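What the coordinates show
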Amino acid sequence: MKKTSLAILVGAALCIGGSIWYFNHQSGASTGGQDGKGGKGGQAPTTVSVVAPLRQDVPMVLQANGSVMPISSVDLHPQTTSTITKVHIREGQFVKQGELMFTLDARSEHANVDKAQAQVLRDRASVQDFERQLKRNQDLLSKNFIAQGAVDTLQSQLDAARALLAADQAALRAAQVDSSYTVLRAPQAGRVGAINVYAGSLVQPTTSLTSITQLDPIDVSFTLPESSLSGLLAAQKAGEVPVTALLSDAGGKQLDGKLNFIDNAVDPATGVIRIKARFNNGGTDLWPGQYVNTQLTVRTLKDALVIPQNAIITSTAGTFVYSMEADNTAKMRKISRVYAFGPNAVVTGLAGDEKVIVDGKQNLRPGSKVRLVEKHKAADGTAAPQGKPA
């Protein structure tokens, strides 16, 4: 029994020792293989791709969704209760300022004008009669044929007649104004909307006849964050600020306008400020209520340094990029992102002659060994160039 237990223990010890030898042998072989490839530390160089920073003028463009709104839109109402006798326009018609649109029944107003004119003529005749009498009495007074009191009485009657004439003239003008309400003309140039009445319709001041909307020129209203306010104000002081409207429903057609309004306060609830741009709209490409994409060029960054955005790393250490040095090592370079546009960004903190690492940066540390990715062959057999900022 004791011999059997001893044999079992010896066999187990031999198995454990063999396993340890095999594991150490395999680990040593593996480590030796890495040392053969990677050199110091046993880590192979990281394969990377690099780009050279570009220097170019970059326009700073602010983008926002906006809506088209007319400069003015008038809802046409009658100013008196009457009946429509004729409609002189069509729905959707473009009218000029002062063009005849509606005619109302004016018989009563015309009669009032005639009555007022007759009263003016009557009172004017009375004034003229008192003037003749006063002149005769003044001649008689100079010869002492009548008393001064008679002349004074006649002068008072003349003054009263003149006041009555002035009142009747004012009444005539009022009647003429009332009569003018029976003819409705376009208060502005624009496009006529839906017409809600017809010949024979009874209308009153609360009745909406139609509307006139000015389409040329026209405004586009949009909002921008308050962080853009200082740049907007500086650009406006420098001169005209160009604004572009992109029409998605017209094959990407662009219309050029200019900034014409910055609101006098920032909305404290949303932190945005309201902006308006004005566009010439002779072709009626812009329509009230339509949504458009707007682009506003605030200023241009001259000779700016541009790199791809995917080369930039942001972490607790700050914002930086890795560059490939002459000894094939990675070096961390801190930068500041000034302005991002599309896949690229304007940065500061680089001299411009660095080889900025784009692909493979996620595995790097300062001082890491790197090597360039092999250049792919193009269709003509030449080497494809390294990537550059778009």
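Everything below is about the structure printed above this text.
Below: a short report on this structure. (Residues numbered from 1 in each chain as written. Predicted model: local features only at pLDDT ≥ 70, side-chain atom pairs only at ≥ 80, totals over all residues. Heavy atoms only, no water.)

Here we look at the overall build of the protein chain
A tally of regular secondary structure across the protein chain gives four helices and 22 strands. Considering only residue pairs separated by 6 or more positions, the protein chain has 74% of its internal contacts joining residues 24 or more positions apart. Carbon and sulfur atoms make up 54% of the accessible area of the protein chain, which totals about 23500 Å². (Helix = DSSP H or I, 4+ residues; strand = E, 2+ residues; numbered from the N terminus. Contact = heavy atoms within 4.5 Å. Areas by Shrake-Rupley, 256 points an atom, 1.4 Å probe, with all protein chains shown as cover.)

A few points about the nonpolar core
Val220, Phe222, Leu224, Ile275, Phe279, Leu286 and Val292 are the most contacted members of the largest nonpolar core, which totals 24 residues. Elements with a contribution of two residues or more to this core: strand E2 (54–69), strand E11 (218–225), helix H4 (229–238), strand E12 (242–247), strand E13 (253–262), strand E14 (272–279) and strand E15 (291–308). One finds Leu76, Ala186, Val197 and Leu209 within the second-largest nonpolar core, a separate group that totals 15 residues. (Core = buried A, V, L, I, M, F, W, Y, C linked by side-chain atoms within 4.5 Å. Buried < 20%, exposed > 50% of the residue type's maximum accessible area, 1.4 Å probe, protein only.)

A few points about the packing of aromatic side chains
Going through the model one piece at a time under the given rule, you end up with two aromatic pairs. When the centroid spacing of 5.6 Å and the interplanar angle of 85° are considered together, the rings of Phe320 and Tyr322 count as edge-to-face. Judged by centre distance (5.9 Å) and plane angle (10°), the rings of Tyr339 and Phe341 are stacked. The class for Tyr339 is buried, based on a relative accessible area of 12%. Sitting over the face of the ring of Phe261, Lys276 holds its NZ or CZ atom 5.6 Å from the ring centroid. (Phe/Tyr/Trp six-rings, centres within 6.5 Å; stacked < 30°, edge-to-face > 60°. Lys NZ or Arg CZ within 6 Å of the ring centre and 35° of its normal.)

Quick look at the sheet that holds strand E9 (residues 202–203)
Strand order in the open sheet formed by four strands is E7-E6-E4-E9, with antiparallel pairing between adjacent strands. What marks the edges here is a single partner per strand, and that holds for strand E7 (183–185) and E9. Examined bridge by bridge, strand E4 (residues 82–87) and strand E6 (residues 100–104) share three bridges and lie antiparallel to one another. From the neighbouring strand, Val87 faces E6, where its bridge partner is Phe102. (Pairing = 2+ DSSP bridges.)

Regarding the environment of Lys276
Here Lys276 is to be found in strand E14. A sequence separation of 14 residues divides Lys276 from Ile262, and the C-alpha atoms of the two residues are 6.7 Å apart. Once residues lying within four places of it in the same chain are set aside, the contact partners of Lys276 are Met69, Asp219, Val220, Ser221, Leu259, Asn260 and Phe261.

Thoughts on helix H2 (residues 107–142)
A rise of 1.5 Å per residue sets the reference length of H2, with its 36 residues, at 52 Å; its end C-alpha atoms lie 53 Å apart and thus fit the reference within 8%. When H2 is considered as a whole, its buried residues turn out to be Glu109, Val113, Ala116, Val120, Asp123, Val127, Phe130, Leu134 and Asn137. Packed against the buried residues of H2 are helix H3 (148–180). One or two positions beyond H2, positive phi appears at Asn144, with a value near 65°. (Expected span 1.5 Å × (residues − 1).)

What about the side chain of Thr80?
Structurally, the position occupied by Thr80 is in the loop between strand E3 (73–76) and E4. Apart from residues lying up to four places away in sequence, Thr80 is in contact with Leu104, Glu109, Tyr181, Val203, Gln204 and Pro205.

Description of the sheet that holds E3
In spatial order, the strands read E3-E10-E8-E5; together these four strands make up an open sheet with antiparallel pairing. Each of the sheet's edge strands pairs with one partner strand only, and the pair in question is E3 and strand E5 (94–95). Alignment of E3 against strand E10 (residues 210–213), held across four bridges, turns out to be antiparallel. Of the residues in E10, the one forming a bridge with Asp75 is Ser211.

Side note on the pattern of salt bridges
Under the counting rule described, the total for this entry stands at nine salt bridges. Asp57 is the salt-bridge partner of Lys302, the closest N and O atoms lying 4.0 Å from each other. Of this pair, Lys302 sits in strand E15 while Asp57 sits in strand E2; the two residues are 245 residues apart in sequence, bridging distant segments of the chain. Asp57 gets classed as partly exposed once you look at its relative accessible area, which sits at 44%. (Salt bridge = Lys/Arg side-chain N within 4 Å of Asp/Glu carboxyl O.)

Structural notes on the pairing of strand E1 (residues 46–51)
In terms of burial, E1 is a largely internal element, five of the six residues being buried. In the sheet, E1 pairs with strand E22 (residues 370–372) via three bridges, with the strands oriented parallel. Within the sheet, the bridge partner assigned to Val48 lies in E22 and is Leu372. With three bridges connecting them, E1 and strand E21 (residues 356–359) associate as antiparallel partners. Counterpart to Val50 in the pairing with E21 is Ile357.

Considerations on the packing of H2 against H3
When two helices pack together, their arrangement is given by the angle between the helix axes and by the axis-to-axis distance. One can describe the packing of H2 onto H3 by two numbers: an axis separation of 8 Å at closest approach and a directional angle of 165°. Judged on the interaxial angle alone, H3 and H2 are roughly antiparallel. Considering only the axes of H2 and H3, their crossing is left-handed. Of the residues belonging to the contact of H2 with H3, the class tally is 17 nonpolar, 13 polar and eight charged. (Axes fitted to C-alpha atoms, helices over the stretch in contact; angles between N-to-C directions. Parallel < 35°, antiparallel > 145°, perpendicular 65-115°, else oblique. Left-handed = near helix turned anticlockwise from the far one by under 90°. Nonpolar A, V, L, I, M, F, W, Y, C, P; charged D, E, K, R; others polar.)

A closer look at unusual backbone geometry
The omega torsion of the bond from Asp216 to Pro217 falls at -5°, within 30 degrees of zero and hence cis. Mapped onto the elements, Pro217 comes out in the loop between E10 and E11. Positive phi, normally seen in glycine, also occurs at Thr284, with a value near 50°. Among the secondary structure elements, Thr284 is positioned in the loop between E14 and E15. Located in the positive-phi region is Asp303, a residue other than glycine, with phi close to 50°. Counting through the fold element by element, Asp303 comes out in strand E15. Accessibility expressed as a relative area gives 46% for Asp303, which makes it partly exposed.

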